[in-house]
Amino acid sequence: MTAVDARPGRTPVGPSATRTVGATVTRLALRQIRRGSLIVAALTAGMSAMVAATYASTAGDALDAAALAALAENPAIRTLFGHPVALDDPGGFTVWRTGTILAVLTGAWGLLSATRVTRGEEDAGRWDLLTAGPIPLATLVARHAVVLTAAATVTGLMAAAALAAVGTAPQGALLHGFGIALVGAYFVAAGTLAAQLFPTRSAASGATAALLGAGLLLRMIGDGVGTLGWLRWLSPFGLVALSQPYEANRLLPLAVLAVVVAALLGATLVAARRRDLHRGWFGTAAGRAPRLWLLRSVPGFAARRLARPLIGWSAGVGAYYLLIGLLAISMTDFLAENTRFADLAAQAGFGNLGSVEGYVAALFALLAIPAGTFAAVRIAATATDEVERRQTLLYAQPVTRTGLLVAETTVTACGAIIIVAVAGLASWAGAAVVDAPLSPGDALIGAMNVLPLTLLCLGAAVFTLGWTPRIVAYVGALPAAGGFLLKATADTTGAPGWVGRLSPFTHLAPVPDLPPNYLAAAIMLVAAVALGVLGLLGYRRRDLRG
């Protein structure tokens, strides 16, 4: 018996104890992601089933041979929505309409969850005692990666089951579900690897988010430009599209993606074995001169914290709306010549797409989702700082909680305004390149039209921070993301009118095609202020978490 084993009350560390601790770590990882994974899986399965089930009443009659040929030949359609395949089949139409959206949703969840439960927990110091026991760092990382990958797989299986349940071909449903699962697993692996390479959670999340944006851009270029179709083989979204569920049912692209996922997971384990706790392969420089800009006041500190994320969000949103402007003429000409597709778009909630003003107005409405999510995520970062005790010493100084939260909220609102303005100017610049009739004033007004809904998301996030800080990001994004999903569901299924009116999107006027709905904007702003004030009161009254 060793000296360690002889200590009173000390349990020997053997294979059985290691397995017990490992199982506990696995259960911990599952507990950390269960809520978000269930929400993503339910959304993925529900949206897939809904679109497939309503195919006959919404799209079936509009998609004759001539219409399908027109879709396949239009580069704007291919760029935005992907190459149309098997649209005469309910499953194929569902994959074309929702496949990329659901893949992006699953991938975004995968990367954010991976960096949160690995590098985020490590940064907070909650892995220190775990790695001091019988579980090494590499095993800890591997168990979290396995749980996350399994959750992504469940999401894909639920999507496949939902499509099969409404009567689509089982082979196509399974292939589509497998593709969604692989995209989720790809970004889980990429996020976990980034958590080993970068020394902070924010850097790891930013790098993986940039990878997601690059993959989506490669897919769009590959679909839109025939000579560059090979770029789809470099993107997880492109590989999933190349599998062509419900038509060719090709396994090779998904096999390539599975090999890439396995390689990323292997690289993750190698990187984890060869680094120290709280370190990354790309460490920060030591001994640099202090950078004190914007540290003289609480608002300045809030602005400094916001600067880097704001640049990333603005770049991503701006790039997308630049593309929207570039495609304005091609898209409006196509819809003007194919009225059946304009009618189909109107049934999905996007009316009057035959003019440039109507086209950009419909797509500006979608701007509320990234802008509102940005606001929610930034307030959620305040909740994370509180839980990880970064604010404890700050509150020991002559800084009031009211002042800090007001500064964070104000700076976040300014950041959201900047993102919206960047989107408007980018769409105008793209339209100017193709000589589309869109003035910079109209573009800015159309983009700014979503600000009341964006600020409503901000108010909901602040309210949640004050009363239930664990779910700030979810509740904060609900008015935009949930509102859009509610409106799309109501429009597609023919639900009673009052159901659609519950969504804020129903009350957004299509600006610049029509004047703004000032009454609805005022109501949203009043609600945002009321929620913010209630959240501030709750924040002042409750104890700090940590």
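Draft legend 1. Molecular detail of the overall build of the chain. When helices and strands are tallied, the chain shows 23 helices and 0 strands. Within the chain, buried positions represent 47% of all 546 residues. Partitioning the contacts of the chain with sequence separation of at least 6, the portion at a separation of at least 24 is 76%. Entry remark: accessible area of the chain is about 24,800 Å², with carbon and sulfur atoms responsible for 67%.

Draft legend 2. Looking closely at the packing of helix α5 (residues 90-123) against helix α9 (residues 201-224). Orientation of α5 relative to α9, taken along the N-to-C sense of each, is 165°, at an axis distance of 9 Å. By the criterion of interaxial angle, the relationship of α5 to α9 is roughly antiparallel. Pair α5 / α9 crosses with right-handed handedness. Seen from α5, the contacting residues are T100, V104, G107, A108, L111, L112, T115, R116, R119, G120 and D123; seen from α9, they are R201, A204, S205, T208, A209, L212, L216 and R219. Looking at the contact of α5 with α9, its residues break down into 8 nonpolar, 6 polar and 5 charged.

Draft legend 3. Highlighting the nonpolar core. By size, the foremost hydrophobic cluster in this structure holds 55 residues, and its most contacted members are L80, Y321, M331, Y359, L367, V420 and L453. Examining the composition of this core, we find that 8 residues originate from one element, helix α18 (residues 401-433), more than from any other. By size, the runner-up hydrophobic cluster in this structure holds 20 residues, among which are L182, A190, F237 and V261.

Draft legend 4. Molecular detail of the packing of α5 against helix α8 (residues 170-197). Contact geometry of α5 with α8 gives a least axis separation of 7 Å together with a crossing angle of 30°. Looking at the two axes, α5 sits roughly parallel to α8. Seen along the crossing, α5 lies across α8 with a hand that is right-handed. Contact with α5, carried on its side by V95, G99, L102, A103, T106, G107, G110, L111, A114, T115, T118 and R119, involves H176, I180, V183, G184, F187, V188, G191, T192, A195 and Q196 of α8 and no other residues of that element. Along the lines of polarity and charge, the residues of the contact of α5 with α8 split into 10 nonpolar, 11 polar and 1 charged.

Draft legend 5. Quick peek at the pattern of salt bridges. In total, this model carries 9 salt bridges according to the counting rule given. For R119, the salt bridge goes to E122, with nearest N and O atoms at 3.4 Å. Of the two residues, R119 and E122 both sit in helix α5, 3 residues apart, roughly one turn of that helix. For E122, a relative accessible area of 1% gives the class buried. Across the salt bridge formed by R232 and D223, the nearest N and O atoms sit 3.1 Å from each other. Of the residues examined, D223 reaches a relative accessible area of 4% and is grouped as buried.

Draft legend 6. Up close: the confidence of the model for the chain. Per-residue confidence for the chain gives a mean pLDDT of 86, with 88% of residues at or over 70. Of the regions scoring below 50 in pLDDT, residues 1-11 engages in 4 contacts with residues more than four places distant in sequence or in other chains.

Draft legend 7. Molecular detail of the environment of V533. Mapped onto the secondary structure, V533 falls in helix α23 (residues 518-541). Residue V533 is classed as partly exposed on the basis of its relative accessible area of 44%. The sequence separation of V533 and F463 amounts to 70 residues, and the corresponding C-alpha distance is 7.6 Å.

Scoring rules and cut-offs
Residue positions are counted from 1 within each chain, in the order its sequence is given. Under the rules for a predicted model, residues below a pLDDT of 70 receive no local features and side-chain atom pairs below 80 are neither given nor counted, while totals for whole chains, interfaces and linings still include all residues. Hydrogens and waters are ignored; side-chain quantities use all the structure's heavy atoms. Strands here mean DSSP runs of E at least two residues long; helices mean DSSP runs of H or I at least four residues long; both are numbered from the N terminus. The buried label goes to any residue with under 20% of its type's maximum accessible area, the exposed label to any with over 50%, and the partly exposed label to all in between, with areas taken from a 1.4 Å probe on protein chains only. Any pair of residues with heavy atoms lying within 4.5 Å of one another is described as a contacting pair. The Shrake-Rupley method, run with a 1.4 Å probe, gives the accessible areas here. Residue values count only the displayed protein chains as cover. Helix axes are fitted to C-alpha atoms over the stretch in contact, other axes to C-alpha atoms as well, and angles between N-to-C directions run from 0 to 180 degrees. Oblique is the label for any angle not covered by the other classes, which are roughly parallel (under 35 degrees), roughly antiparallel (over 145) and roughly perpendicular (65 to 115). Throughout, a crossing is termed right-handed when the near helix is turned clockwise from the far one, and left-handed when it is turned anticlockwise from it by less than a right angle. When residues are sorted by character, Ala, Val, Leu, Ile, Met, Phe, Trp, Tyr, Cys and Pro go into the nonpolar class, Asp, Glu, Lys and Arg into the charged class, and all the rest, Gly among them, into the polar class. Side-chain atoms within 4.5 Å are what join buried Ala, Val, Leu, Ile, Met, Phe, Trp, Tyr and Cys residues into a set we call a nonpolar core. One side-chain nitrogen of Lys or Arg within 4 Å of one carboxyl oxygen of Asp or Glu is enough to make a salt bridge. The quantity known as pLDDT measures the predictor's confidence residue by residue, on a range of 0 to 100.

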